[in-house]
Amino acid sequence: MSDTTEEQKMPLLEHLIELRKRLLWSVVTLLVAFLACFAFAEQLFEYLAAPLAEVMRENSVSDRQQRLIFTDLTEVFFTYVKVAFFFGAFISCPIFLSQIWLFVAPGLYKNEKSAFAPFLIASPILFFVGGALVYFVIFPLAAEFFLAFQVEGTDSSIAIELEAKVNEYFSLMMKLIFAFGLCFQLPVLMTLLAKVGIASSKGMAEKRKYAIVGVFIVAAIFTPPDPLSQLALAIPIVLLYEVSILMAKMVERKRAEEEEAESTDVTPD
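This structure is a prediction, so every number in the text was calculated from the model and none was measured.

### What about the overall build of the protein?
Helices and strands together make up the secondary structure of the protein, namely 9 helices and 0 strands. At 25 Å, the protein has a C-alpha radius of gyration far larger than the 18 Å of a compact globule built from 269 residues. For the protein, the spread of C-alpha atoms along the three principal axes comes to 100 × 50 × 25 Å. Split into buried and exposed, the 269 residues of the protein put 32% on the buried side. In the protein, 81% of the contacts between residues at least 6 apart in sequence involve partners at least 24 apart. Carbon and sulfur atoms form 68% of the exposed surface of the protein, whose accessible area is close to 17300 Å². Mean positive and mean negative side-chain charge positions of the protein (21 and 30 charges, respectively) differ by 4 Å.

See below:
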């Protein structure tokens, strides 16, 4: 009885040791990447602020207004910490995913490995594409829209000028990047649901109109309240939804071929 109990405990203990090892590697990698990025936090923040600076120059904003302000002594420091952590996490993402794979892979069958591995590659790529869309397209459009609300002062009216804060600018940029990055995970999520049989291409196609309405609601929540930014998020997600339907069809076709091959291999009595 004691031998049987020990045999049951050992695999669990080994799994816990392996999990601790993978978590340790991930934490150490994140810490090293964070420290490296913190050394260049000012330059990294300038890179994030470049879209706003470019829009200001294109809209002939005065040199005095081409700036970001801070009203708290610790604001810039903690913003640099957040910038370093964000870039450190992004740089460490391949290590995180590889550690997840090394922990999960030994317990998977060969066909499960071939099905699971592509999603570990596709997920960060799609997140990067969503973030790049924000940086190069969405935020410049939103910044130009909001800068149009500035009003020059006259004898009969008061001036309305932008005085953007460091931490608020960073928070807005991160909110947009995460919103777009997560929304761009739609094909990965729907394909996984199709693989386990929870979703089907037919069901997704039949609910297309409801999905489109939901997409525009999500776009209205996560983007600035200008129509261009909302359309810039909604249209790619709708296209990704259509891609998800095609991916689900491919999964279903492959499953049908495997089932047919298995049925032909079975010899009748």
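The rest of the description comes next.
### Observations concerning the packing of aromatic side chains
We describe a pair of aromatic rings using the distance from one ring centre to the other and the angle between the two ring planes. Within the structure shown, the criterion is met by 14 aromatic pairs. Ring centres of phenylalanine 38 and phenylalanine 77 lie 6.1 Å apart, and the angle between their planes is 80°; on these two criteria the pair is classed as edge-to-face. With phenylalanine 38 in helix H1 (residues 2-38) and phenylalanine 77 in helix H3 (residues 75-104), the pair connects residues that are 39 residues apart, well separated along the chain. Residue classification places phenylalanine 38 among the partly exposed positions, given a relative accessible area of 31%. Exposure remark for phenylalanine 77: the relative accessible area of 46% places this residue in the partly exposed category. Ring pairs connect the aromatic residues Phe34, Phe38, Phe77 and Phe78, which therefore count as one cluster.

### Examining helix H6 (residues 186-195)
What H6 keeps buried is the set Leu186, Pro187, Val188, Met190, Thr191 and Ala194. Phi turns positive one or two residues past the end of H6, at glycine 197, with a value near 85°.

### Here's the deal with the environment of isoleucine 17
With respect to the secondary-structure elements, isoleucine 17 resides in helix H1. Between the C-alpha atom of isoleucine 17 and that of alanine 39, which follows or precedes it by 22 residues, the distance is 33 Å.

### Comments concerning the pattern of salt bridges
All chains considered together, the criterion is met by 5 salt bridges. Across the salt bridge formed by glutamate 18 and arginine 22, the nearest N and O atoms sit 2.6 Å from each other. Note that glutamate 18 and arginine 22 are positioned in helix H1 at a spacing of 4 residues, about one turn of the helix. In this structure, the salt-bridge partner of arginine 57 is glutamate 54, at a minimum N-O distance of 3.0 Å. Of this pair, arginine 57 and glutamate 54 both sit in helix H2 (residues 41-58), 3 residues apart, roughly one helical turn. On the accessibility criterion, arginine 57 (47% relative accessible area) is partly exposed.

### Quick word on helix H5 (residues 166-183)
In a regular helix each residue adds 1.5 Å, so 18 residues correspond to 26 Å; H5 covers 26 Å between its end C-alpha atoms and thus fits that length. Every buried residue of H5 is listed here: Val166, Tyr169, Phe170, Met173, Met174, Leu176, Ile177, Ala179, Phe180, Gly181 and Cys183.

### Remarks on the environment of serine 156
Summarising the element assignment, serine 156 is placed in the loop between helix H4 (110-147) and H5. Residue serine 156 is classed as exposed on the basis of its relative accessible area of 74%. Separated by 135 residues in sequence, serine 156 and lysine 21 place their C-alpha atoms 68 Å apart.

### Some details on a nonpolar patch on the surface
There is a patch of nonpolar side chains on the surface, built from Phe90, Ile91, Ile121, Ile125, Phe128 and Val129 and spanning about 580 Å² of accessible area. Mapped onto the nonpolar patch, the elements with two or more residues apiece are H3 and H4. Examining the composition of the nonpolar patch, we find that 4 residues originate from one element, H4, more than from any other. Turning to its location among the elements, isoleucine 121 is positioned in helix H4.

Thresholds, definitions, all that
- Residues numbered from 1 in each chain as written.
- Predicted model: local features only at pLDDT ≥ 70, side-chain atom pairs only at ≥ 80, totals over all residues.
- Heavy atoms only, no water.
- Helix = DSSP H or I, 4+ residues; strand = E, 2+ residues; numbered from the N terminus.
- Rg over C-alpha atoms; globule rule 2.2 N^0.38 Å.
- Buried < 20%, exposed > 50% of the residue type's maximum accessible area, 1.4 Å probe, protein only.
- Contact = heavy atoms within 4.5 Å.
- Areas by Shrake-Rupley, 256 points an atom, 1.4 Å probe, with all protein chains shown as cover.
- Lys, Arg positive; Asp, Glu negative; His and termini not counted.
- Charge placed at Lys NZ, Arg CZ, Asp CG, Glu CD.
- Phe/Tyr/Trp six-rings, centres within 6.5 Å; stacked < 30°, edge-to-face > 60°.
- Salt bridge = Lys/Arg side-chain N within 4 Å of Asp/Glu carboxyl O.
- Expected span 1.5 Å × (residues − 1).
- Patch = residues over 30% accessible without salt bridge, like charges linked within 9 Å, V, L, I, M, F, W, Y side chains within 5 Å.

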